[in-house]
Amino acid sequence: SAPAIKKVTLDEISFSFSAESWLEVSDSRGDVLATELQPKGSKIKLIGQAPFDVKLGNAPAVDIQLNGKKVDVIPLLGTNVLIMKVGN
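Remember, predicted model here, so these are calculated numbers, not experimental data. (Residues numbered from 1 in each chain as written. Predicted model: local features only at pLDDT ≥ 70, side-chain atom pairs only at ≥ 80, totals over all residues. Heavy atoms only, no water.)

*Asks:* What's the story with a nonpolar patch on the surface in this structure? I'm lost.
*Replies:* A contiguous nonpolar surface patch, about 260 Å² in accessible area, is contributed by Val8, Leu10 and Ile47. Of note, valine 8 is situated in the segment before β1 (11-17). We classify valine 8 as partly exposed; its relative accessible area is 41%. (Patch = residues over 30% accessible without salt bridge, like charges linked within 9 Å, V, L, I, M, F, W, Y side chains within 5 Å. Areas by Shrake-Rupley, 256 points an atom, 1.4 Å probe, with all protein chains shown as cover. Salt bridge = Lys/Arg side-chain N within 4 Å of Asp/Glu carboxyl O. Helix = DSSP H or I, 4+ residues; strand = E, 2+ residues; numbered from the N terminus. Buried < 20%, exposed > 50% of the residue type's maximum accessible area, 1.4 Å probe, protein only.)

Following this line, the structure appears as structure tokens:
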């Protein structure tokens, strides 16, 4: 019998920036999907395998959605930096 092929489902994580912000994103396979400074007003969509490791500078200026659902952005206390896993 043929071996079972595990279907890999890809997830979409999107970001929109209301002010300049630094972004670094990698997926569950460790693939770095983005690492760059994003200008005010920009939007970026990334496709990969969740969970995503997300690092943001100026986190309050960033809206995140995973597969079309809003993700709460809560920066570390006393800073505007956010480091979190998005998705399960």
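*Asks:* Would you mind showing me how to read the sheet that holds strand β5 (residues 52-56) here?
*Replies:* Note on sheets: strands pair through backbone hydrogen bonds, and any given pair is parallel or antiparallel. Taken in spatial order, the 4 strands of this open sheet run β3-β2-β5-β8, and their pairing is antiparallel. Of all strands in the sheet, those bounded by a partner on one side alone are β3 (32-38) and β8 (82-86). The mean angle between the axes of side-by-side strands here comes to 10°, regardless of whether they run parallel or antiparallel. (Pairing = 2+ DSSP bridges. Axes fitted to C-alpha atoms, helices over the stretch in contact; angles between N-to-C directions.)

*Asks:* Hey, could you run me through the environment of asparagine 80 in this one?
*Replies:* Considering the arrangement of structural elements, one finds asparagine 80 in the loop between β7 (69-71) and β8. Spatially, the C-alpha atom of asparagine 80 lies 5.4 Å from that of alanine 59, the residues being 21 residues apart in sequence. Setting aside anything within four residues of it in sequence, one finds asparagine 80 in contact with Leu56, Gly57, Asn58, Ala59, Pro60 and Pro75. (Contact = heavy atoms within 4.5 Å.)

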